[in-house]
Amino acid sequence: MTDATPEFRDPDDLRRRAGVRGDPDRDQHFLVDDRVLDRLAGYLPDDADRSHLLEIGGGTGALTDRLLAAGDRVTVVERDRDLAAFLREEFSEAVDAGTLDVVTGDALDVELPEFTASVSNLPYGVSSEVAFRLLPLGRPLVLMFQAEFADRMVAEPGSSEYGRLSVSAQHYADVEIVERIPPEAFDPQPRVESAVVRCVPRDPDYAVDDEAFFLRFVKALFTQRRKTVRNAIRNTAHISGIEDPDAVVAATDGDVLSRRPGALAPASFAALARVAWSASEVGPGQ
Ligand SMILES: C[S@@+](CC[C@H](N)C(=O)[O-])C[C@H]1O[C@@H](n2cnc3c(N)ncnc32)[C@H](O)[C@@H]1O
């Protein structure tokens, strides 16, 4: 019986050929642990469409190599011009075959392709912005974050990590930490632990009138996380855009008003936001 495991390029060889050490100031922490690299694409849900995978931050291509085996086609976005040129050369066969597209540019600015799923070891300096660029697109995502950020994404109401990030991420997807990764898996090593988060898109189990308003309202209330919901609604009307916060307070159950924002489940925020929407500057009657 032959060993069916594909042979991938060695991460150290890739870095040597690319002639780079990785610059932490440019969010360059390359994954060098083969076992971690081998597992990442496998965290996509079984039924994920793998016809076009997106990788944000290709680096020297250790993950790109795996993604080319896991999907039919891959698009990599890499901001570093030299690394992008290296990826095109290193994977020239895939580029020529039309299975790899290397986009040079900032993941926050470039036009993204019609990808079907993403697996990325994100540049940590922009991981939040990238995540919230990808989450609304409704595709399965496997993303590496700093562990502290990942903990906040998946946090439940009542925990100290629960906040705006948890409600906003969980608005778009079921989010789950599938693996914690120690600094030793990277070179250069980041100062903190990392974690891989799987995001499986789904509609939330509540309705909102206006998504942008809902997210702004949640952000506003969490700026006052130590206050009661009653005071947080009143104190943050300038952020949420509510013209008549007292009307929102008057229309809301006393039990909800006396709790802290960090104790409210996403569905409770949504119910509050529906009341607040009709009292907002941009709401239905305005
Ligand atoms: C954490 S490294 C991951 C590299 C590679 N995928 C790996 O796992 O070894 C992040 C990569 O993103 C690139 N990068 C940093 N900021 C970026 C941005 N705003 N847009 C696109 N790529 C970026 C860096 O140059 C670096 O190659």
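Residues numbered from 1 in each chain as written. Predicted model: local features only at pLDDT ≥ 70, side-chain atom pairs only at ≥ 80, totals over all residues.

What follows is about the overall build of the chain. Looking only at helices and strands, the chain has 14 helices and 9 strands in total. The C-alpha extent of the chain, read off along each of the three principal axes, is 70 × 40 × 35 Å. Here the analysis covers contacts within the chain between residues at least 6 apart in sequence; of these, 63% occur between residues at least 24 apart. (Helix = DSSP H or I, 4+ residues; strand = E, 2+ residues; numbered from the N terminus. Contact = placed C-beta atoms within 7 Å.)

As a further point, take the sheet that holds strand S4 (residues 100-104). Pairing is mixed in the open sheet, where 7 strands are placed in the order S4-S3-S2-S5-S6-S9-S7. If you trace the sheet from one side to the other, it starts and ends with S4 and strand S7 (173-181), each paired once. For this sheet, the mean angle separating the axes of adjacent strands, direction not counted, is 20°. Of the strands in this sheet, strand S2 (53-56), strand S3 (74-78), S4 and strand S5 (117-121) touch helix H3 (residues 62-70), which is tilted by about 175° from S2. (Pairing = 2+ DSSP bridges. Axes fitted to C-alpha atoms, helices over the stretch in contact; angles between N-to-C directions.)

Take the UniProt feature "binding site: S-adenosyl-L-methionine" (unreviewed entry) in the chain next. The sites that UniProt annotates as "binding site: S-adenosyl-L-methionine" (unreviewed entry) are His29, Leu31, Gly57, Glu78, Asp106 and Asn121. By the secondary structure assignment, leucine 31 is in strand S1 (residues 30-31). Excluding residues that lie within four positions of it along the chain, leucine 31 makes contacts with Pro11, Val36, Leu37, Ala62, Leu63, Asn121, Ala185 and Phe186. Of note, glutamate 78 is situated in strand S3. Overall, glutamate 78 belongs to the buried group, with 27 C-beta atoms counted inside 10 Å. Not counting residues within four places of it along the chain, the set of residues in contact with glutamate 78 comprises Gly57, Gly58, Leu83, Ala84, Leu87, Val102 and Thr104. (UniProt positions renumbered as here; feature names shortened; annotations may be inferred. Buried ≥ 20, exposed ≤ 12 C-beta atoms within 10 Å, placed from the backbone.)

What follows deals with the environment of phenylalanine 8. By secondary structure assignment, the location of phenylalanine 8 is in the segment before helix H1 (11-18). It is 44 Å that separates the C-alpha atoms of phenylalanine 8 and valine 218, two residues lying 210 residues apart in sequence. Among residues more than four places away in sequence, those in contact with phenylalanine 8 are Asp65 and Arg66.

What follows is about the site of the ligand. The local shell around the ligand holds 23 residues, among which Gly57, Gly59, Ala107, Asn121 and Pro123 are the closest. The set of elements that each furnish at least two residues to the shell around the ligand consists of S1, H3 and S3. Within the shell around the ligand, the residues separate by chemical class into 11 nonpolar, 6 polar and 6 charged. (Near = placed C-beta within 6 Å. Nonpolar A, V, L, I, M, F, W, Y, C, P; charged D, E, K, R; others polar.)

Before going further, it helps to spend a moment on the domain arrangement of the chain. In terms of domain boundaries, the chain breaks down into domain 1 (11-201) and domain 2 (211-278). On a C-alpha basis, the centres of domain 1 and domain 2 stand 34 Å from each other. In terms of residue class, the side of domain 1 that touches domain 2 is built from 3 nonpolar, 5 polar and 1 charged. (Domains from an automatic or database assignment.)

What follows covers helix H8 (residues 164-172). Counted residue by residue, H8 has 8 buried out of 9 residues, so it is predominantly covered. Taken together, the buried positions of H8 are occupied by Leu165, Ser166, Val167, Ser168, Ala169, Gln170, His171 and Tyr172.

Here helix H9 (residues 211-222) crosses helix H14 (residues 266-278) at 110°, and the two axes come no closer than 10 Å. In terms of their interaxial angle, H9 and H14 are classed as roughly perpendicular. Residue-level contacts link Phe213, Phe214, Phe217 and Val218 of H9 to Phe269, Ala270, Ala273, Ala276 and Trp277 of H14. (Parallel < 35°, antiparallel > 145°, perpendicular 65-115°, else oblique.)

With 12 residues, H9 should reach 16 Å at 1.5 Å per residue; the first-to-last C-alpha distance of 17 Å fits that figure. Taken together, the buried positions of H9 are occupied by Phe213, Phe214, Arg216, Phe217, Val218, Ala220, Leu221 and Phe222. In the core, the buried residues of H9 are packed alongside H8, helix H10 (229-235), helix H11 (237-240) and H14. (Expected span 1.5 Å × (residues − 1).)

Another aspect to go through is unusual backbone geometry. Here the amide bond leading from aspartate 187 into proline 188 is cis, since omega sits at -10°, within 30 degrees of zero. The backbone phi angle of aspartate 27 is positive, close to 60°, even though this residue is not glycine. As for its placement among the helices and strands, aspartate 27 is situated in the loop between H1 and S1.

Turning our eyes to something else, we now look at the pairing of S2. Judged by which residues are buried, S2 turns out to be covered on both faces: Leu53 and Glu55 on one side and Leu54 and Ile56 on the other are all buried. Across 4 bridges, the pairing between S2 and S3 is parallel. Paired with leucine 53 across the bridge in S3 is valine 74. Regarding topology, H3 serves as the crossover connection from S2 to the parallel S3, and that connection is right-handed. The sheet contact formed by S2 and S5 spans 2 bridges and is parallel. Bridging across to S5, leucine 54 finds its partner in serine 118. (Right-handed = clockwise from strand over helix to strand, strands pointing away.)

This paragraph deals with the environment of leucine 14. Its location among the elements puts leucine 14 in helix H1. Given 22 C-beta atoms within a 10 Å radius, leucine 14 is considered buried. Setting aside its immediate chain neighbours within four residues, leucine 14 contacts Arg9, Thr60, Gly61 and Ala62.

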